Amino acid sequence: MKLYVAIPVVLLAFLIAASGIAAITRGWVLPTNRRTVHHPRLYGWGQLLAACALCSQQVFFWVPNAPGTRQWGSLSGSALLLTGLIVMMLSYRTGGNRQGSGTP
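Reading the values: rules and limits
- Residues numbered from 1 in each chain as written.
- Predicted model: local features only at pLDDT ≥ 70, side-chain atom pairs only at ≥ 80, totals over all residues.
- Heavy atoms only, no water.
- UniProt positions renumbered as here; feature names shortened; annotations may be inferred.
- Helix = DSSP H or I, 4+ residues; strand = E, 2+ residues; numbered from the N terminus.
- Axes fitted to C-alpha atoms, helices over the stretch in contact; angles between N-to-C directions.
- Parallel < 35°, antiparallel > 145°, perpendicular 65-115°, else oblique.
- Left-handed = near helix turned anticlockwise from the far one by under 90°.
- Nonpolar A, V, L, I, M, F, W, Y, C, P; charged D, E, K, R; others polar.

Some points on the UniProt feature "transmembrane region" (unreviewed entry) in the protein
If you check UniProt for "transmembrane region" (unreviewed entry), the listed places come out as residues 6-30, 42-63 and 75-92 in our numbering. Secondary structure across residues 42-63 divides into 91% helix and 0% strand, with the first and last C-alpha atoms of the span separated by 32 Å. Structurally, residues 75-92 comprises 89% helix and 0% strand, and the distance from its first C-alpha atom to its last is 26 Å.

Side note on the packing of helix 2 (residues 40-61) against helix 3 (residues 69-90)
Relative orientation of the contacting elements helix 2 and helix 3 amounts to 165 degrees, with a least axis distance of 8 Å. The orientation of helix 2 relative to helix 3 falls into the category roughly antiparallel. In this structure, helix 2 meets helix 3 at a crossing whose hand is left-handed. Class assignment for the residues of the contact of helix 2 with helix 3 results in 14 nonpolar, 11 polar and 1 charged.

The structure is reproduced here in structure tokens:
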């Protein structure tokens, strides 16, 4: 019934987690983010937090209607997702893209 909603979200969370593990262990970042990420390991930790948040929100989505459980679980998952995004933002370069700036 609602299973078709959970499968893509969990698959996306696993892909984000795999990318985060690659960034933490090897320092590898996806080619689209390679220029802007200055600290790949910190970026990987942010990705792992975001993946855990997505999985947490799915877990609490499937919890039966216990008083307040679903709401607090969703709120904690959102806070974890926001924390992961902030950690990823901290890993970016502060000076912007310096390649091709035109100054010697």
